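# Overview (structure and organization)
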Amino acid sequence: KNQVEQSPQSLIILEGKNCTLQCNYTVSPFSNLRWYKQDTGRGPVSLTIMTFSENTKSNGRYTATLDADTKQSSLHITASQLSDSASYICVVSVLSNDYKLSFGAGTTVTVRA
Amino acid sequence: NAGVMQNPRHLVRRRGQEARLRCSPMKGHSHVYWYRQLPEEGLKFMVYLQKENIIDESGMPKERFSAEFPKEGPSILRIQQVVRGDSAAYFCASSPDSLYSGNTIYFGEGSWLTVV
């Protein structure tokens, strides 16, 4: 069964600090891994997309890493801002059925002043 | 910059009624996907449609649920005889081409269905 596990489930950080979110997956055969940001009551917004051959990808203060051998990914948020408070979702797709995205349950990040 | 438009954003239905959720994909997008997010859970794939065709509906319950994407107009997700377990957020997404090789998929803001 294709699964995506995220940790921690939630975390609280102070404004300006960094944090790292983890994603482990068992999806196979692997096609690509995406990180999304979902504000409360809103739809997911894409942050990064990585294919098998990519190890890291950045989008502003967000940096994602991928280790396809160990099936792990991380999302690093640098110099957090209050607007970073959201749920961050790891999404993995299967080769040849890319639309059947496997979603993690998300990590809820709360940034406090 | 019209993104994926979903309506209604919030819908309340009594048990046994019908719910119709509409989705207009981004301009130029011919691939539409519906996902469901139950409380405290991740999104789950329901159905993948292209214009006038259902490509894959393997994630959609076989009873009471149906989806269409007509030649003209929005995609419709229809839930008949709703039950409390149907209460969830339903997200529509679209893409200009298939998602092979990591093409971007754009999500709508979701439709929150509450069954009372």
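One can find the structure itself at the top, above this paragraph.
Below, the structure is looked at part by part. Just so it is clear, the structure is predicted and the values come from calculations on it, not from any experiment.

The helix and strand tally for chain A stands at zero helices and 11 strands. Each helix and strand of chain A, ordered N terminal to C terminal, gives the series β-β-β-β-β-β-β-β-β-β-β. Its C-alpha atoms give chain A a radius of gyration of 13 Å, within 12% of the compact-globule value 13 Å for 113 residues. Projected onto its principal axes, the C-alpha positions of chain A cover 45 × 30 × 20 Å. When each of the 113 residues of chain A is scored for burial, the buried share is 47%. When the accessible surface of chain A is split by element, carbon and sulfur atoms take 48% of a total near 5300 Å². Side chains of chain A give 10 positive and 8 negative charges; the mean places of these two sets differ by 5 Å.

Residue and element names in this part refer to chain B. Where strand β5 (residues 43-50) lies against strand β6 (residues 53-56), three bridges are found, and the strand directions are antiparallel. Looking at the pairing, Q50 lines up with N53 of β6. What sits between the antiparallel neighbours β5 and β6 is a turn of two residues, in which E52 has the positive phi angle 65 degrees.

Attention now moves to the interface of chain A and chain B. Each partner contributes to the interface: chain A provides 19 residues, whereas chain B provides 22 residues. Summed over both partners, the interface of chain A with chain B comes to about 1700 Å²; 59% of that surface belongs to carbon and sulfur atoms. Where chain A touches chain B, the interface holds two salt bridges. Its salt-bridge partner being D56(B), residue K100(A) comes within 3.4 Å of it at the nearest N-O pair. On inspection of chain A and its partner chain B, the count reaches eight residue pairs in polar contact (both at pLDDT 80 or more). For the side of chain A that touches chain B, the element with the most residues is strand β10 (residues 97-103) of chain A, which contributes five residues.

Residue and element names in this part refer to chain B. Ordered by their spatial adjacency, four strands build an open sheet running β1-β3-β8-β7, and the pairing between neighbours is antiparallel. In this open sheet, the two strands that pair with only one neighbour each are β1 (5-7) and β7 (65-68). Sheet twist, expressed as the average angle between the axes of neighbouring strands with direction ignored, equals 15 degrees. Where strand β3 (residues 19-24) meets strand β8 (residues 75-79), five bridges bridge the pair, whose relative direction is antiparallel. Across the sheet, residue L21 finds its bridge partner in β8, namely L77.

Attention shifts here to the packing of aromatic side chains. All chains considered together, the criterion is met by 11 aromatic pairs over all chains. Seen in terms of ring centroids, Y25(A) and F30(A) are 5.2 Å apart; in terms of plane orientation they differ by 25 degrees. Their pairing is stacked. Taking the relative accessible area as the measure of exposure, Y25(A) reaches 3% and is therefore buried. Given the relative accessible area of 13%, F30(A) is considered buried. When the ring of Y33(B) is compared with that of Y48(B), the centres are 4.8 Å apart and the planes differ by 20 degrees; the resulting orientation is stacked. Here Y48(B) lies in strand β5 and Y33(B) lies in strand β4 (residues 31-37), a separation of 15 residues in the sequence. By relative accessible area, Y33(B) is classed as buried at 0%. Look at Y48(B) and you get buried, because its relative accessible area is 5%. Within the aromatic cluster, the residues linked to one another by ring pairs are Y36(A), Y99(A), F103(A), Y33(B), Y35(B), F45(B), Y48(B) and F107(B). When the ring centre of Y62(A) is taken as reference, the NZ or CZ atom of R61(A) above it lies at 5.8 Å.

Cut-offs applied
- Residues numbered from 1 in each chain as written.
- Chains lettered and ligands numbered in written order.
- Predicted model: local features only at pLDDT ≥ 70, side-chain atom pairs only at ≥ 80, totals over all residues.
- Heavy atoms only, no water.
- Helix = DSSP H or I, 4+ residues; strand = E, 2+ residues; numbered from the N terminus.
- Rg over C-alpha atoms; globule rule 2.2 N^0.38 Å.
- Buried < 20%, exposed > 50% of the residue type's maximum accessible area, 1.4 Å probe, protein only.
- Areas by Shrake-Rupley, 256 points an atom, 1.4 Å probe, with all protein chains shown as cover.
- Lys, Arg positive; Asp, Glu negative; His and termini not counted.
- Charge placed at Lys NZ, Arg CZ, Asp CG, Glu CD.
- Pairing = 2+ DSSP bridges.
- Contact = heavy atoms within 4.5 Å.
- Buried area = accessible area lost by both parts, 1.4 Å probe.
- Salt bridge = Lys/Arg side-chain N within 4 Å of Asp/Glu carboxyl O.
- Polar contact = N/O pair within 3.5 Å; in protein donor to acceptor, adjacent residues only side chain to side chain.
- Axes fitted to C-alpha atoms, helices over the stretch in contact; angles between N-to-C directions.
- Phe/Tyr/Trp six-rings, centres within 6.5 Å; stacked < 30°, edge-to-face > 60°.
- Lys NZ or Arg CZ within 6 Å of the ring centre and 35° of its normal.

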